[in-house]
Every structure is written in structure tokens, then in C-alpha cells.
Amino acid sequence: MYDLIGIGIGPMNLGLSALAHPTDLKTLFFDESEQFSWHPGMMIQDSMMQTSFISDLVTLADPTSSFSYLNYLRSIHRLHTFYFYEKLLISRQGYNDYLRWVATQLEDLRFSTRVIDVQDTGDSFEVLVEDVSTGKRETFEARNVVIGTGSKPAIPDTFDERVIHNTQYVMNKANLLQRNKISIVGSGQSAAEIFLDLLTTPASERPELEWIARSTLFETLETGKLGEEIFSPSYVTYFNQLPLEVRQESVKKFARSQNGISPETLQSIYAHLYDLTEEEQRQVAIRANLEVKEITYDERFTIAMQHQELEDERMSVTDAVIAATGFSPSLPSFIDRLDIVFEAPNAWKVDADYQIVRSVETAHHLYATANLELSHGPAADNLGMSVSRNQLILNAVAGTELYPVERHATFTTFD
Ligand SMILES: Cc1cc2nc3c(=O)[nH]c(=O)nc-3n(C[C@H](O)[C@H](O)[C@H](O)COP(=O)(O)OP(=O)(O)OC[C@H]3O[C@@H](n4cnc5c(N)ncnc54)[C@H](O)[C@@H]3O)c2cc1C
């Protein structure tokens, strides 16, 4: 019997495995992908993390852990160069390499294994898994299950199926560069990074570019010193106990802090735009205030849009469309059979310690490291916050404080 079985091995559950490693807990994690990979389609050259290297998988819980980013640097003989580098933000590729380094050392990770069912047996959970290459099925028993299945790309139904999501960008880039015109839809960090990447392609190879955004402003990611404290355990604890309607409003209000573009990316885009020649400028369009209504395909794509304020209809014809239109929760279908209480469509009720609320009282529990926006607010997807989340989950599973949590870790008080 396992103390904890994890479904999905993204950074959130990988951190849980790393923190569980030195404890006596018996844990096992499954992922359907062949090996650990973190958003491979967005490994754009020079793309940077939005959170400091200190928010690695373990440091905020245990700075002495051997799975820290600094210990990774030591293992690849880069500690001194990092010391001279003097930066908190590291490259996304570097962070991915670090995650893979951790993944290779943990023995409780099983890849190429999809979890296809979880059943409550009355005093534990039975987890049914399937080997994705052989189809062989196996059952494991656990006292607790943590669902960390992340999110899946979301593209509006009205977009033609040939439109690609930004998560497919890197593998399609060479092909995209063969087209005459590329349109990017969306106004968040991913759209901005792809626009910048294409903008910095040598002019002779660069297709005509069009960036379409619904918003009037290209919002900046919250990086203000006190503002950032909403990504802290203190704020998350406060947020979790708010009435549902207040949380729903807050989620809308904080969309900017979460979905904005990093100041560095915006700065770089502006600098490159400024350097374009007049002729090159005619090949680059940034179109704000336009909501894309429909994208159809007939040899070329036709994008039907409506101006958000003037309300007139617009049209654009293009050769490729990249939809940076966000993500939706990736929820396995078997959760319907687990008596989970939902607060809103697709939003399960989760308590302050990340236990999923069920309509049955049991001593064995379900936990969530994904789909937490409505229950835990803007920090739900934040890598730094995932560490204190994992501490709380492990403490609850162990029934003892394995990792003391700094619950009041901010200068701001929220209640
Ligand atoms: C391009 C990009 C950059 C980001 N950069 C940052 C950043 O700098 N800082 C920050 O704080 N946040 C960042 N984020 C947000 C967040 O950290 C990531 O989205 C992160 O990947 C979320 O991790 P996760 O473990 O919840 O889910 P995921 O990484 O999505 O992993 C979920 C895993 O579950 C597996 N899975 C799903 N269903 C099953 C099943 N039934 N059986 C087995 N396996 C299953 C999937 O294969 C997948 O590997 C970024 C997000 C993106 C898209």
C-alpha cells in the first residue's frame, strides 16, 4: 500500500516527489509521456523564467535538499559562473534541464504510464494504470492520491482545426517560416514570446507578421514588490476562505497579474520594433482591440474579427495562425466517480491544505496540485507557491509536520 500516488509528473508533482524522497513516505507517480518534458513547444531560444531560481522544486521548503537548483549547478560545474552571472531569473531551457536532472534521480517516477481509473474501495484508493506502448494494465493501492494532471491547450471551437496552439510552436517553426504571412492571436506572455522570436528572425527570412489582441493594452505581468505578495502562502490561505462569489471576482481581477507580459519581453519587442526600417515596419502589424470571432480555411486562413469598441467587423487573410489562447484544466474522466464536490463547472472544491472536498467522509484523501485557480487564486500555477503546497500535502499525508510552512510570510496583511 502506497502512502501517496501522484497522477501526472509536471513540475508540481515532480516537486512533491523530490520533497517526499528523504521521508519515510511510500510514494509513486505516473505520467503518460515517455519522459519528463516541460512545455517543449515553448522552449524558445532565450526565453526566460518568470520566477526566480529560488522557486526551484525544493529550496523554499528545504534549502539543504540535494535537489536544489544550486546543487544541480554544482553537478554541472557551473556554480562559479552562476555566481558571476548575478541574476535571479534563469533561462527556461536551463530550468527544464534542471527539472530533468531531478527526474533522473527519483525512483518513484513511472513514465509511459497513463492512469485510467481511480476507485474508492472504502478504505483506500485503487489506481488502475496502463502502459501506453504495450497496453498492459496494473493496479496499485494507495491511502492518498494527488491529481497533478496540469492543463491542456484551449483553442476556441470557431477556429479552423489547422490553427496551431502556441504549445506546438517550436516543432512547427521551420515550417511556419516558409509561409508568407503569420498571424498570432492572444495578448499574453506566450503570444509575446512568439511574436518576439519571429520578429528577431533575419528580415530576409521573416514572413509578414500580424499580432492580434483583444485587449486595448498589452498588460504587464505583476512584478511590483508588494504586488507580488499575492503569490505567497499568506495570500493563498486568505483567498481560500473567501466566499465563492468573491473568489470568482478576484480571479477576473487578477487575470492581469497572471496573464500579463514580462516587462523584459515588452522592452525587447519595443526595441526591435524601433530598429525596423520603414519597409520592414510595413511587414509587421500589431492590432489591438480586436476579438477574433472565427477562423476559416480555404487555401489560406481568413480571420473574422470585431473591434471591441468601434464594434465594426474586420477581416484578415493569412497563411498560418498561432493561437496563444490559453489553457483549460486537464481533468481525467474518472474523477466523476469519486464523489468530488464541485463549486463551479470544472472547479472542484479544495480546502486550504489542498485536500479535494468530497461528499463522503473518509480517512483516505484526494489532493490536487492542478486546477486550483478558483480555490487558491492567482498563485495556483506559480512554481514558487507549488513548494509550500507540496509541503502542506506531505505534512497531511504523513500526519506530522515534515516540513514547517511559513504561513505568514508577507509584509502585507490581507484579512
Ligand atoms: C510556456 C510556459 C512557461 C511557464 N513559465 C512559468 C514560470 O516561469 N514560472 C511559473 O511560476 N510558472 C510558469 N508557468 C506556469 C506553470 O508553472 C506550468 O504551467 C507548469 O507546467 C504547471 O505544472 P503542472 O505540474 O501543474 O502541470 P503540467 O506541466 O501540465 O504536467 C501535467 C502532467 O500530467 C500528465 N498527465 C495528464 N493526465 C494524465 C493521466 N491520466 N495519466 C498520467 N499522466 C497524466 C501530463 O502528461 C503532464 O506531463 C509556465 C507555463 C507555460 C505554459
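Residues numbered from 1 in each chain as written. Predicted model: local features only at pLDDT ≥ 70, side-chain atom pairs only at ≥ 80, totals over all residues. Heavy atoms only, no water.

### Some words on the domain arrangement of the chain
Here the chain is partitioned into domain 1 (4-152 + 327-398) and domain 2 (155-221 + 260-323). Domain 1 and domain 2 are separated by 32 Å when their C-alpha centres are compared. For the pair domain 1 and domain 2, the summed buried area comes to about 930 Å², and 64% of that belongs to carbon and sulfur atoms. Counting the surface domain 1 buries against domain 2, the share from its top three residues, Met 42, Ile 44 and Gln 50, is 52%. A salt bridge links Glu 193 to Arg 92, with the shortest nitrogen-to-oxygen separation between them at 2.6 Å. Counting every contact that joins domain 1 to domain 2 gives three residue pairs in polar contact (both at pLDDT 80 or more). Residue composition of the side of domain 1 that touches domain 2, by class: five nonpolar, three polar and one charged. (Domains from an automatic or database assignment. Buried area = accessible area lost by both parts, 1.4 Å probe. Salt bridge = Lys/Arg side-chain N within 4 Å of Asp/Glu carboxyl O. Polar contact = N/O pair within 3.5 Å; in protein donor to acceptor, adjacent residues only side chain to side chain. Nonpolar A, V, L, I, M, F, W, Y, C, P; charged D, E, K, R; others polar.)

### Re the side chain of Asp 108
Position of Asp 108 among the secondary structure elements: in the loop between α4 (92-105) and β3 (109-110). In this structure Asp 108 is buried but unpaired, with Arg 110 as the nearest side chain of opposite charge at 7.0 Å. Within polar-contact distance, the side chain of Asp 108 engages the side chain of Ser 17 at 2.7 Å. Excluding anything up to four places from it in sequence, Asp 108 contacts Ser 17, Thr 27, Leu 28 and Phe 29. (Helix = DSSP H or I, 4+ residues; strand = E, 2+ residues; numbered from the N terminus. Buried < 20%, exposed > 50% of the residue type's maximum accessible area, 1.4 Å probe, protein only. Lys, Arg positive; Asp, Glu negative; His and termini not counted. Contact = heavy atoms within 4.5 Å.)

### Quick look at the site of the ligand
The environment of the ligand is formed by 28 residues, the closest being Asp 31, Trp 38, Gln 50, Thr 51 and Leu 383. At 2.7 Å from an oxygen atom of the ligand is found a side-chain nitrogen or oxygen belonging to Asp 31. Elements with a contribution of two residues or more to the shell around the ligand: α1 (11-20) and β4 (113-120). Among the elements that make up the shell around the ligand, the one with the highest residue count is β4 (three residues). (Near = heavy atom within 4 Å.)

### What about the pairing of strand β15 (residues 313-318)?
For strand β14 (residues 300-307) and β15, the ladder comprises six bridges, and the chain directions are antiparallel. What sits directly across from Met 305, in β15, is Arg 314. The loop that links β14 with its antiparallel partner β15 comprises five residues; one of these, Glu 311, has a positive phi angle of about 65°. (Pairing = 2+ DSSP bridges.)

### Structural notes on the environment of Thr 27
Looking at where Thr 27 falls in the secondary structure, it is placed in strand β2 (residues 27-30). When residues no more than four places from it in sequence are discounted, the contact partners of Thr 27 are Tyr 2, Leu 4, Ala 20 and Asp 108. Separated by 2.6 Å, the side chains of Thr 27 and Asp 108 make a polar contact.

### Let's talk about the pattern of salt bridges
Per the counting criterion, the structure on display carries 17 salt bridges. The partner of Glu 32 in a salt bridge is Arg 114, with the nearest N and O atoms 2.7 Å apart. Placement of Glu 32 in the loop between β2 and α2 (69-75) and of Arg 114 in strand β4 is noted, with a sequence separation of 82 residues between them. Glu 32 gets classed as partly exposed once you look at its relative accessible area, which sits at 44%. A salt bridge links Arg 214 to Glu 291; its shortest N-O distance comes to 3.2 Å. Of the two residues, Arg 214 is situated in the loop between β11 (208-212) and α7 (233-240) and Glu 291 in strand β13 (residues 290-298); the sequence distance between them amounts to 77 residues. The class of Arg 214 is exposed, set by a relative accessible area of 51%. Here the salt bridges share partners, and the residues they tie into one network are Lys 181, Glu 210 and Arg 287.

### As for the packing of helix α6 (residues 189-199) against helix α10 (residues 263-274)
The N-to-C vectors of α6 and α10 enclose an angle of 30°; their axes lie 10 Å apart at closest approach. In this view, α6 runs roughly parallel relative to α10, as classed from their interaxial angle. Considering the relative orientation of α6 and α10, their crossing is left-handed. For the pair α6 and α10, the contacting residues are Gln 189, Ala 192, Glu 193, Phe 195, Leu 196 and Leu 199 in the first and Thr 265, Ser 268, Ile 269, His 272 and Leu 273 in the second. Split by residue class, the contact of α6 with α10 holds six nonpolar, four polar and one charged. (Axes fitted to C-alpha atoms, helices over the stretch in contact; angles between N-to-C directions. Parallel < 35°, antiparallel > 145°, perpendicular 65-115°, else oblique. Left-handed = near helix turned anticlockwise from the far one by under 90°.)

### Thoughts on helix α8 (residues 244-253)
Taken as a whole, α8 has its buried residues at Arg 247, Ser 250 and Val 251. Within α8, the buried residues cover an arc of 105° as seen down the axis, which keeps them to one side. In α8, the exposed residues that point more than 90 degrees away from the buried face are Glu 245, Lys 252 and Lys 253. (Arc of directions from axis to C-beta.)

### As for the nonpolar core
Judged by nonpolar contacts, the single largest core of 82 residues is most densely connected at Leu 14, Tyr 95, Tyr 98, Val 102, Val 118, Val 145 and Trp 348. Counting residues per element, this core draws most heavily on helix α13 (residues 383-398), at seven residues. Core analysis: the next-biggest nonpolar cluster, separate from the first, contains 24 residues, Tyr 169, Phe 195, Leu 196 and Ala 320 among them. (Core = buried A, V, L, I, M, F, W, Y, C linked by side-chain atoms within 4.5 Å.)

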